[in-house]
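An overview of the molecular structure
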Amino acid sequence: MMPARKMAHRACFFVSRTVYLTCCCGCCSALRPRYKRLVDNIFPASPQDGLVKSNMEKLTFYSLSSPEKLDRIGEYLFQKASRDIYRRRHGFVIIAMEAMDQLLLACHSQTLNLFVESFLKMVQKLLESTDPQLQILATQSFVRFANIEEDTPSYHRRYDFFVSKFSAMCHSNHGDKNTRDKIRLAGIQGLQGVIRKTVSDDLVENIWEAQHMDKIVPSLLYNMQSAEKYETLSCMESDGRDGVEEQPPRLAEACLRELVGRASFGHIRSVLRPVLTHFDRHDLWIPTDFAVHTFKIIMFSIQAGAGRGRGRVRAARATVLSNIVAIAAGESVGPSVLEIINNLLTNLRTSVARDSEKETDEKLYQEALINALGEFADHLPDYQKIDIMMFIVNKIPSGARGGAGKATRADAMLQGILLKSLLKVGTTYKTTELSKAFPAAFLEALLRLSSASEPSTRVLLQRILHTLLDRRGNAPHLATPTVDYAELGLTVEKCSRQDLIFISKHGYAIFSSLYDGLQLESNTVENIEAIYTTLALLVIELGSEETVCDVMQLILAIQQSGISNPVISVSQQCQLQAVSLSLATLLPHVMMLPRVADYLNKIVEARREEAIHLLPPVLEDYPHLSPTKMPSKLPFLMIDQMALAECLKACGIESSRLQSPSPYTPGGGISLAHRHSWVEAGATQGRDSLADITAGPTTEMDSANSSPGVQRHPMQNESVSLEALRRAANGPSEMERRDAERRKATLNNAFRTAPFGHLVDLTQPKYEVKDKLEELFNSISEEPLLPVSGSCSPGTQTKSYQQNVPPYTKYFPELFLY
Amino acid sequence: MEDYKFLFKVVLVGNAGVGKTCLVRRFTQGLFPPGQGATIGVDFMIKTVEVDGEKVKLQIWDTAGQERFRSITQSYYRSAHALILVYDISCQPTFDCLPDWLREIEEYANNKVLRILVGNKTDREDREIPRHIGEDFAQRHGMYFLETSAKEAENVERLFMEIAVELMEQAKCKELPKYDGNLGPINGGVSCRIRFFVYIFLIRKLLQ
Ligand SMILES: Nc1nc2c(ncn2[C@@H]2O[C@H](COP(=O)(O)OP(=O)(O)O)[C@@H](O)[C@H]2O)c(=O)[nH]1
Ligand SMILES: [Mg+2]
């Protein structure tokens with residue numbers, strides 16, 4: 001019997017194809033391909049009867065035995081469902097979806113991928129319909145799919161539509177409350193599905209990208225905020241109570257927990273950013289219960305997430321971080337600003353000590369700390385930024401140059417990390433006067449680091465100098481040496497008297513350190529270029545008749561070292577020639593020196609003809625250089641000291657000093673002995689004309705007192721003096737500590753038991769540190785911390801009192817409980 | 001076999017109450033809904049139309065006009081092929097807000113996005129914005145212009161059909177922006193000090 005039927009089937013197979021094209025009314029179902037007949041048979045005559053179970057089994061069996069047919073089955077089911085949606089025969093649509101679900105679960109095979117395409121098309125089709133029932137059904141199918149672990153996830157699959165649509169569903173405003181809740185629940189479940197499907201594999205779809213997070217997070221929060229009251233479960237587990245699945249706020253909360261719990265350290269920010277934006281947009285900060293509720297959830301979930309895996313690293317980090325950022329209650333010993341910085345630095349240091357090359361989490365963590373530092377500094381007045389920078393610079397190991405041994409690798413890494421921190425803070429600082437930006441001790445420490453053994457560290461150091469020196473935005477134009485400045489659009493202003501005093505004091509030290517930096521054998525092109533940029537910025541920022549000879553003397557010294565320093569390579573010699581000529585040609589762009597310009601132009605032209613390798617750009621290597629083209633063999637292409645002095649004189653500049661013996665000597669080792677006392681040395685080095693300027697009206701220098709635009713606060717003990725810095729670094733004394741412990745205990749206890757209104761009262765007189773911090777922060781910007789429209793907690797407080805209470809301590813007492 | 005050949009995403013923006021939802025409903029469902037609530041967040045509709053014998057599927061994202069939903073609605077601008085900016089011809093303030101909307105579009109949408117200005121509610125007797133004023137504005141800002149009435153079904157079909165035709169032409173000349181999931185701009189305007197404290201708080205608690 002069986003073979004006969006098969007034969008018959010075979011015989012009419014060809015016919016069936018052609019017939020099918022003209023006849024699709026179902027009358028010839030016997031002639032269609034087997035899989036189509038099997039699919040057709042699962043549909044009952046009347047949709048109320050539901051899926052024909054026995055036929056579904058046949059279809060499943062067929063799919064399992066001929067998996068290569070799965071994609072066609074999927075496509076066919078999809079086509080049928082599309083038609084049924086169009087004809088509004090929703091009963092059949094539901095059956096088709098159910099069949100697809102069953103096939104999906106039954107067929108774990110390689111070919112699942114192809115089937116999934118039609119499956120997802122089907123889900124999307126249903127989601128696109130306006131019928132809530134179909135949308136909900138589709139979501140359920142999607143969730144079932146999301147819970148399947150695919151062997152080979154399809155990397156070209158995109159979930160963009162699903163995120164968009166599920167987020168829209170989370171905002172349903174269907175007229176009927178019951179339906180609305182169901183649609184919203186479905187939306188949240190859908191988002192949860194997308195998260196589960198994508199979170200573990202960034203290649204599938206990077207769910208942490210802003211375009212997704214900006215939809216997912218507000219959708220969850222919008223549902224959470226509609227809860228009648230906010231109960232935060234203190235347990236780290238997900239919500240185990242009944243009925244989570246039935247209430248949008250609770251399901252949304254569970255979903256948020258899951259999202260945060262799955263976020264790696266580096267992804268927390270991606271979640272946090274839209275959370276904060278949403279709170280701002282919807283004015284959710286006041287009253288505070290929802291904010292506190294939400295952030296607690298985030299905290300618990302992070303902890304729950306962190307609990308999994310990599311226990312050792314996490315635990316180590318946990319102990320270290322537990323005392324980070326001491327804004328907390330009771331810890332009022334010492335200047336709190338610096339405590340925070342100190343804490344961040346200590347954590348960085350510990351992290352570096354733990355670091356191994358592979359540990360990318362550790363790197364992320366360090367980055368977060370550096371960013372925290374930058375963010376923190378960004379909110380401080382400029383004079384404190386300098387203090388912070390000094391503080392950081394003092395923590396940097398100096399690299400043991402000239403000392404007993406080489407710097408250890410850990411030292412070098414710490415140097416790099418701390419310099420990055422310094423750069424981060426430095427970029428938030430806006431230089432007005434150089435003497436404010438570079439207090440003597442700070443400058444000394446910086447210059448000491450300019451000879452660090454690690455080339456990349458030295459580059460970082462120069463970058464810090466760039467950001468602090470560049471007041472006029474010229475640095476980007478001066479990234480690499482050039483002799484064509486005309487087109488660069490440099491901004492040049494006259495050098496102020498204060499700056500001249502600054503350079504008269506420190507010029508020699510700065511110049512000689514940069515000079516020495518150029519001589520180091522380990523220099524890369526990046527090092528050379530970075531030092532060039534620093535020098536070029538100095539030329540622009542300090543260009544004046546008083547300094548021009550000093551600058552020229554340095555340039556001539558660099559040129560000379562590029563001929564006669566026996567230690568450096570020929571390539572480096574060429575580089576130094578390019579740098580010195582580049583710097584020289586910059587001078588006539590800063591001030592009127594027509595004769596000098598003419599003279600230098602001739603040299604540039606001559607080099608262009610005969611020795612292009614002595615012009616910028618500087619190259620890593622100058623191969624195939626014939627011995628006759630070595631810089632030392634081309635004295636006629638060099639800037640001649642006598643000729644230059646003549647030109648300067650012709651421009652009305654007193655240039656006799658140019659002829660005095662050069663204070664710069666290649667091979668810094670010899671002059672290293674007085675490296676540490678150069679601050680004084682600079683002034684007595686015979687830099688007469690510069691020293692003269694100092695004799696002018698005495699200006700108080702190196703004082704942080706008078707940063708323009710920032711008023712110093714009446715908080716002397718809080719102000720950041722060196723003494724305070726030292727104290728912060730060494731920690732509080734034993735007595736201070738005991739005192740603090742006692743106060744903290746009382747306060748914490750009060751926080752746990754006292755009613756809120758009482759707390760506000762309590763914090764008022766005792767909380768000097770926080771008050772001061774608040775004062776500090778308020779002085780930085782006019783912008784109110786919280787929207788003024790927000791109602792304050794009702795009570796007996798008067799208006800003037802309200803202004804005194806730090807808003808965040810008032811609104812977020814919980815934030816300060818720890 | 002796909003049931004459409006082109007897929008375009010259209011996003012409607014404009015003040016609350018100008019009739020965005022009604023326009024979408026009229027076009028996708030052929031009805032003028034009586035008294036539905038204001039849209040919250042985003043809403044979604046679909047319609048497949050035919051242009052030159054080819055099926056074009058329009059994904060229409062209808063956004064809430066209120067300020068507080070701005071951050072989620074903005075996240076939908078970025079992948080739009082066409083943006084319909086709607087005002088109410090009988091309500092001057094909705095017209096006055098157009099520059100603000102343009103700024104927002106400028107910031108968050110692709111710069112190649114097709115932009116259409118629509119003055120809705122032409123059936124109303126109490127017109128406040130003369131047609132030529134709207135037209136001028138559209139011209140000055142490089143937008144297409146159309147006046148519609150969702151209530152009377154005037155120009156609604158035409159609005160979406162012209163968008164479909166225009167986008168299809170662009171698609172054929174490959175001028176259409178491709179969306180490959182690049183990052184949107186980071187929202188600013190947040191009270192940074194609150195952020196800062198929460199951030200510190202989180203770091204602190206994070207590994208406690
Ligand atoms: N007269 C008239 N009223 C309209 C028209 N379109 C919308 N409305 C009304 O304007 C109000 C707001 O419409 P809605 O579509 O919700 O605006 P949306 O906030 O922009 O989505 C409703 O009361 C509608 O009935 C129209 O073309 N003519
Ligand atoms: Mg609406």
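Residues numbered from 1 in each chain as written. Chains lettered and ligands numbered in written order. Predicted model: local features only at pLDDT ≥ 70, side-chain atom pairs only at ≥ 80, totals over all residues. Heavy atoms only, no water.

Considering the overall build of chain B
The criterion, for reference: Note on conventions: DSSP H or I runs of at least 4 residues are helices, E runs of at least 2 residues are strands, and numbering of each starts at the N terminus. Only protein chains enter the accessibility calculation, which uses a 1.4 Å probe; a residue is then buried when its area is under 20% of its type maximum, exposed when over 50%, and partly exposed in between. Contacts were defined at the residue level, with two residues in contact if any of their heavy atoms lie within 4.5 Å. Computed by Shrake-Rupley with a 1.4 Å probe, the accessible areas treat only the displayed protein chains as cover when residues are assessed.
Scanning chain B for helices and strands turns up 7 helices and 6 strands. Counting the 208 residues in chain B, one finds 58% classified as buried. Looking at chain B alone, contacts between residues at least 24 apart form 74% of all its contacts between residues at least 6 apart. Total accessible area computed for chain B in this model is approximately 8900 Å², and 49% of it derives from carbon and sulfur atoms.

A short note on the overall build of chain A
Counting secondary structure elements, chain A contains 36 helices and 0 strands. Expressed as a percentage of its 818 residues, the buried residues of chain A come to 56%. A fraction of 75% describes how many contacts in chain A between residues 6 or more apart in sequence connect residues 24 or more apart.

Considerations on the coordination of the magnesium ion (ligand 2)
Worth spelling out the cut-off: Note that water is not among the atoms considered, so a metal site may appear incomplete; the donors listed are N, O and S atoms within 2.8 Å of the metal, with 3.2 Å applied to Na, K and Ca.
Protein-derived ligands of the magnesium ion (ligand 2) are Thr-21 of chain B (OG1) and Thr-39 of chain B (OG1), with the metal-ligand distances lying across 2.0 Å. Taken together, the residues span a long stretch of sequence, with Thr-21 of chain B in helix α1 (residues 20-29) and Thr-39 of chain B in the loop between α1 and β2 (42-51) at a distance of 18 residues.

Thoughts on the packing of aromatic side chains
This is how the line gets drawn: Under the pairing criterion, centres of Phe, Tyr and Trp rings, with the six-membered ring standing for Trp, must be within 6.5 Å; the plane angle then separates stacked pairs below 30 degrees from edge-to-face pairs above 60, leaving the rest tilted. Counted as over-ring charges are cases with an Arg CZ or a Lys NZ within 6 Å of the ring centre that also lie within 35 degrees of the ring normal.
The full count for this structure, using the stated rule, is 23 aromatic pairs over all chains. Judged by centre distance (6.3 Å) and plane angle (50°), the rings of Tyr-159 of chain A and Phe-162 of chain A are tilted. Phe-162 of chain A carries the same exposure label as Tyr-159 of chain A, and that label is buried. By the ring-pair criterion, three or more aromatic residues cluster together here, those being Phe-119, Phe-142, Phe-145, Tyr-159, Phe-161, Phe-162 and Phe-166 of chain A together with Phe-44, Trp-61 and Tyr-76 of chain B. If you follow Lys-197 of chain A out to its NZ or CZ, it ends over the ring of Phe-145 of chain A, 4.4 Å from the centre.

Examining the pairing of strand β4 (residues 82-88) of chain B
A regular strand places its side chains so that they alternate between the two faces of the sheet. Residues and elements named next belong to chain B. The test is simple: Here a strand pair is declared whenever DSSP counts at least two bridges between the two strands.
Buried residues dominate β4, accounting for 7 of its 7 residues. Covered by surrounding structure in β4 are Ala-82, Ile-84, Val-86 and Asp-88 together with Leu-83, Leu-85 and Tyr-87, the residues of both alternating faces. Looking at chain direction, strand β1 (residues 6-13) and β4 are connected through 4 bridges and run parallel. Paired with Val-11 across the strands is Leu-83, a residue of β4.

Comments concerning the pairing of strand β5 (residues 114-120) of chain B
Residues and elements named next belong to chain B. Just so we agree on the cut-off: With strands facing away from the observer, any crossover in which the path from the first strand over the helix to the second runs clockwise is taken as right-handed.
Most of β5 sits inside the fold, with 7 of its 7 residues counted as buried. Burial along β5 is two-sided: Leu-114, Ile-116, Val-118 and Asn-120 and Arg-115, Leu-117 and Gly-119, pointing in opposite directions, are all buried. Alignment of β4 against β5, held across 7 bridges, turns out to be parallel. Each residue of the ladder has a partner; that of Ile-84, found in β5, is Ile-116. Handedness of the β5-helix α5 (residues 131-140)-strand β6 (residues 144-147) crossover: right-handed.

Comments concerning the side chain of Lys-215 of chain A
Under the convention used in this document: His is not counted here, nor are the chain ends, while Lys and Arg score as positive and Asp and Glu score as negative. Whenever Lys or Arg places a side-chain nitrogen within 4 Å of a carboxyl oxygen from Asp or Glu, that contact is recorded as a salt bridge. Pairs of N or O atoms are called polar contacts if they sit within 3.5 Å, as long as, within protein, a hydrogen donor faces a hydrogen acceptor (for residues adjacent in sequence, only side-chain-to-side-chain pairs).
Inspection of the secondary structure assignment puts Lys-215 of chain A in helix α11 (residues 210-224). Salt bridges are absent for the buried Lys-215 of chain A, whose nearest opposite-charge side chain, Asp-160 of chain A, sits at 5.1 Å. Separated by 3.2 Å, the side chain of Lys-215 of chain A and the backbone oxygen of Gln-211 of chain A make a polar contact. Ignoring anything within four residues of it in the chain, the contact list for Lys-215 of chain A reads Val-163, Ser-164 and Ser-167 of chain A together with Ile-72, Ser-75 and Tyr-76 of chain B.

Thoughts on the site of ligand 1
All names here are of chain B. This is how the line gets drawn: We call a residue near a molecule or strand as soon as one heavy atom of that residue lies within 4 Å of the molecule or strand.
The full set close to ligand 1 counts 17 residues, and Gly-17, Lys-20, Thr-21, Asp-123 and Ala-150 are the nearest of them. In the model, an oxygen atom of ligand 1 is placed 3.0 Å from a nitrogen or oxygen of the Gly-19 main chain. Lys-151 is positioned such that a nitrogen or oxygen atom in its backbone is 3.2 Å from an oxygen atom of ligand 1. If ligand 1 stood free it would expose 580 Å²; the protein chains cover 80% of that surface.

Details of the nonpolar core
Applied cut-off: Buried Ala, Val, Leu, Ile, Met, Phe, Trp, Tyr and Cys residues form a nonpolar core when they are joined through side-chain atoms within 4.5 Å.
Within the largest apolar cluster, 117 residues are counted, with the highest numbers of intra-cluster contacts made by Leu-77, Phe-119, Leu-126, Phe-142 and Phe-162 of chain A together with Leu-85 and Leu-117 of chain B. Apart from residues no more than four positions distant in its own chain, Leu-126 of chain A is found in contact with Ile-85, Val-93, Met-97, Leu-134, Gln-135, Leu-137 and Ala-138 of chain A. Counting 98 residues, the second largest nonpolar core, distinct from the first, contains Leu-422, Ala-437, Ile-528 and Val-539 of chain A.

Remarks on unusual backbone geometry
Cis peptide bonds are those with omega within 30 degrees of zero, and the linkage from Pro-616 of chain A to Pro-617 of chain A qualifies with 5°. Within the secondary structure layout, Pro-617 of chain A lies in the loop between α27 (594-610) and α28 (641-650). Residues other than glycine seldom take positive phi values, yet Arg-88 of chain A does so here, at roughly 60°. Mapped onto the elements of the fold, Arg-88 of chain A is located in the loop between α5 (70-86) and α6 (90-106). The phi torsion at Ala-153 of chain B lies on the positive side, around 60°, for a residue other than glycine. The residue Ala-153 of chain B is located in the loop between β6 and α6 (156-172) in this model.

So, the pattern of salt bridges
Opposite charge on two side chains permits them to pair, given that their charged atoms come into close proximity. Counted under the stated rule, the structure contains 31 salt bridges over all chains. When the shortest N-O distance is used, the salt bridge between Lys-57 of chain B and Glu-128 of chain A registers 2.8 Å. Of the two residues, Lys-57 of chain B sits in strand β3 (residues 54-63) while Glu-128 of chain A sits in helix α7 (residues 112-128), which places them in two different chains. Across the pair, exposure class does not vary: Lys-57 of chain B and Glu-128 of chain A are buried alike. Between Glu-162 of chain B and Arg-158 of chain B there is a salt bridge; the shortest N-O distance is 3.0 Å. Of this pair, Glu-162 of chain B and Arg-158 of chain B both sit in helix α6, separated by 4 residues, roughly a single helical turn. The structure contains a network of salt bridges with shared partners spanning Arg-471, Arg-472, Glu-493, Asp-499 and Glu-541 of chain A.

A look at the packing of α27 of chain A against α28 of chain A
All names here are of chain A. Note the cut-off: Helix axes are fitted to C-alpha atoms over the stretch in contact, other axes to C-alpha atoms as well, and angles between N-to-C directions run from 0 to 180 degrees. Any angle between 65 and 115 degrees counts as roughly perpendicular, while under 35 counts as roughly parallel, over 145 as roughly antiparallel, and the rest as oblique.
Between α27 and α28, the least distance of the axes is 7 Å, while the angle of their chain directions is 150°. One element, α27, and the other, α28, form an angle in the roughly antiparallel class. Judged by residue contacts, Arg-595, Val-596 and Tyr-599 of α27 engage Ala-643, Leu-644, Cys-647, Leu-648 and Ala-650 from α28.

Describing the confidence of the model for chain A
Note the cut-off: pLDDT expresses how confident the predictor is about each individual residue, on a scale running from 0 to 100.
When pLDDT is averaged along chain A, the result is 71; 62% of the residues meet or exceed 70. Confidence drops under a pLDDT of 50 for residues 1-28 of chain A, and excluding neighbours within four residues, the segment shows 11 contacts in the predicted structure.

Describing the environment of Thr-547 of chain A
In this fold, Thr-547 of chain A is placed in the loop between α24 (525-542) and α25 (548-564). On a C-alpha basis, the gap between Thr-547 of chain A and Ile-503 of chain A in space is 8.3 Å, while along the polypeptide they are 44 residues apart.

Brief notes about the sheet that holds β5 of chain B
Residues and elements named next belong to chain B. Here 6 strands make up an open sheet; going across it, the order is β2-β3-β1-β4-β5-β6 and the pairing mixed. Every other strand in the sheet has two partners, leaving β2 and β6 as the edge strands with one partner each. Sheet twist, expressed as the mean angle between neighbouring strand axes with direction ignored, is 25°. One ladder, built from 10 bridges, connects β2 with β3; its direction is antiparallel.

Remarks on the confidence of the model for chain B
Residues and elements named next belong to chain B. The share of residues in chain B with pLDDT of 70 or more is 82%, and the mean pLDDT across the chain is 83. Within chain B, β4 carries the highest mean pLDDT (97), whereas helix α7 (residues 192-206) carries the lowest (43). Scoring of the predicted complex yields 0.55 for pTM and 0.80 for ipTM.

A short note on the side chain of Thr-482 of chain A
Residues and elements named next belong to chain A. By the element assignment, Thr-482 lies in the loop between α22 (455-469) and α23 (497-519). Only 3.0 Å separates the side chain of Thr-482 from the backbone nitrogen of Asp-484, close enough to count as a polar contact. Every residue in contact with Thr-482, bar those within four places of it in the chain, is listed here: Leu-488, Tyr-532, Ser-582, Thr-585 and Pro-616.

Looking at helix α8 (residues 132-146) of chain A
All names here are of chain A. As a reminder of what qualifies: Multiply 1.5 Å by the residue count of a helix minus one, and that product is the helix's expected span.
For α8, which comprises 15 residues, the first-to-last C-alpha distance of 21 Å matches the rise-based estimate of 21 Å (1.5 Å per residue) to within 8%. Counted residue by residue, α8 has 12 buried out of 15 residues, so it is predominantly covered. Taken together, the buried positions of α8 are occupied by Pro-132, Leu-134, Gln-135, Ile-136, Leu-137, Ala-138, Thr-139, Ser-141, Phe-142, Val-143, Phe-145 and Ala-146. As for α8, its buried residues are in contact with α5, α6, α7, α9 (160-170) and α10 (177-198). Between the side-chain oxygen of the N-cap and the backbone nitrogen of Gln-133 there are 2.7 Å, and the N-cap of α8 in question is Asp-131.

Considerations on the state of the cysteines
Residues and elements named next belong to chain B. In plain terms, the rule: When the sulfur atoms of two cysteines come within 2.5 Å, that pair is taken as a disulfide.
A full pass over the atoms with the stated rule returns 0 disulfides over all chains. The thiol sulfur of Cys-91 is not disulfide-bonded, and the nearest other cysteine sulfur, from Cys-97, lies at 8.7 Å. Residue Cys-91 is classed as partly exposed on the basis of its relative accessible area of 23%.

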